[in-house]
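# Close look at the chain arrangement
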Amino acid sequence: FGIYAGGQSILVGTPSGVSLAPEGGAHQSIVTPSIGIGQPGCTAWEPAFGQDLEWTLLHALSRLGRPGGESAYFRLSTRPIDQALAGDARDERRRLVLAGGHPVRRAKGRPRVTLVGMGAVMPEVIEAAEVLGDDVDVICITSADLLFRALRARAGFGDHEQDILDELLPADRAAPVVTVLDGDPHALAFLAAVNATRLTPLGVTRFGQSGDLAEVYEHHEIDTETIVGAALDARDA
């Protein structure tokens, strides 16, 4: 109601998804991030790494209380993540993070498959890439919301910067895509339209079960082994 009336604020929802494995049930911070993505007047964020959260939160704060500003929704997790997995905190990474995502690793040549992760599942995505070898691109999404706006703008709907699509998923590196998140998989499925590639969306499609984190990820098929299998199937199809 506040946004509808023109108010601007920041909502932080945590912990999110089945990464809160011992709790079970529906889990907190909304089952699907698409609710945040679809909220008008609000930018939805789901950064995986602490530095990315700092950049995006400060950016969100700077957008409050001004003409043309927006509210923000942060879907976060309490899962501890090795921060070294994100790579160097350089100015170029900051620019990409604020635009919607950044590459974590690039294949030496043209990739045979691209792994796209968002939020708490990034360790499994990166581990899967290590298993698959050197011909894999890995992308970390910070805001599916901003990427979807960019895709619509490319088609002539809305006024939004489009360059981030070419930087994350350039046409000359187009390959089958596997997307992974701790939420409903349809939230990232639109990325297939960036380069008209095959896409396999992995995510949570039912209420969670209580248990060890690795067991719960396996139950919902967002574990490393499932990601590797999906990537091999997509690559070799």
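Residues numbered from 1 in each chain as written. Predicted model: local features only at pLDDT ≥ 70, side-chain atom pairs only at ≥ 80, totals over all residues. Heavy atoms only, no water.

A separate point is the nonpolar core. Taken as a class, soluble globular proteins show a tendency for nonpolar side chains to be buried jointly. By size, the foremost hydrophobic cluster in this structure holds 31 residues, and its most contacted members are Leu 115, Met 122, Val 125, Val 178 and Val 180. Counting only elements with at least two residues in this core, the list comes to strand S5 (113–118), helix H4 (122–132), strand S6 (136–141), strand S7 (177–181), helix H8 (213–219) and helix H9 (224–236). Setting aside residues no more than four positions away along its own chain, Leu 115 makes contact with Val 125, Ala 128, Ala 129, Leu 132, Val 136, Asp 137, Val 138, Ile 139, Val 178, Ile 227 and Ala 231. Counting 26 residues, the second-largest nonpolar core is a separate cluster that includes Ile 141, Ala 144, Leu 147 and Ala 192. (Core = buried A, V, L, I, M, F, W, Y, C linked by side-chain atoms within 4.5 Å. Buried < 20%, exposed > 50% of the residue type's maximum accessible area, 1.4 Å probe, protein only. Helix = DSSP H or I, 4+ residues; strand = E, 2+ residues; numbered from the N terminus. Contact = heavy atoms within 4.5 Å.)

On the surface, Leu 57, Leu 58 and Leu 61 cluster together into a nonpolar patch covering about 260 Å² of accessible area. Note on placement: Leu 57 falls in helix H2 (residues 50–62). (Patch = residues over 30% accessible without salt bridge, like charges linked within 9 Å, V, L, I, M, F, W, Y side chains within 5 Å. Areas by Shrake-Rupley, 256 points an atom, 1.4 Å probe, with all protein chains shown as cover. Salt bridge = Lys/Arg side-chain N within 4 Å of Asp/Glu carboxyl O.)

Under the defined criterion, the tally for this structure stands at 2 aromatic pairs. Seen in terms of ring centroids, Trp 45 and Phe 74 are 6.3 Å apart; in terms of plane orientation they differ by 15 degrees. Their pairing is stacked. Residue Trp 45 is located in strand S2 (residues 42–45), and its partner Phe 74 is located in strand S3 (residues 71–75); the two are separated by 29 residues in the primary sequence. Take Trp 45: its relative accessible area is 3%, and that puts it in the buried class. Seen in terms of ring centroids, Phe 148 and Phe 190 are 5.2 Å apart; in terms of plane orientation they differ by 75 degrees. Their pairing is edge-to-face. Of this pair, Phe 148 sits in helix H5 (residues 144–154) while Phe 190 sits in the loop between S7 and helix H7 (192–195), and the two are 42 residues apart along the sequence. When its relative accessible area of 34% is taken as the criterion, Phe 148 is described as partly exposed. (Phe/Tyr/Trp six-rings, centres within 6.5 Å; stacked < 30°, edge-to-face > 60°.)

On to the side chain of Asp 52, then. Summarising the element assignment, Asp 52 is placed in helix H2. On the accessibility criterion, Asp 52 (0% relative accessible area) is buried. Among the polar contacts listed, one links the side chain of Asp 52 to the side chain of Arg 93, at a separation of 2.6 Å. Excluding residues that lie within four positions of it along the chain, Asp 52 makes contacts with Pro 47, Arg 93, Val 97, His 102 and Thr 142. (Polar contact = N/O pair within 3.5 Å; in protein donor to acceptor, adjacent residues only side chain to side chain.)

Across the sheet, which stays open at both edges, the 5 strands sit in the order S4-S6-S5-S7-S8 with mixed pairing between neighbours. Each end of this open sheet is capped by a strand with a single partner; those strands are strand S4 (101–105) and strand S8 (199–202). Sheet twist, expressed as the average angle between the axes of neighbouring strands with direction ignored, equals 20 degrees. With 4 bridges joining them, S4 and S6 adopt antiparallel strand pairing. Looking across to S6, one finds that Pro 103 is bridged to Ile 139. (Pairing = 2+ DSSP bridges. Axes fitted to C-alpha atoms, helices over the stretch in contact; angles between N-to-C directions.)

Nothing here speaks to function; it is all geometry.
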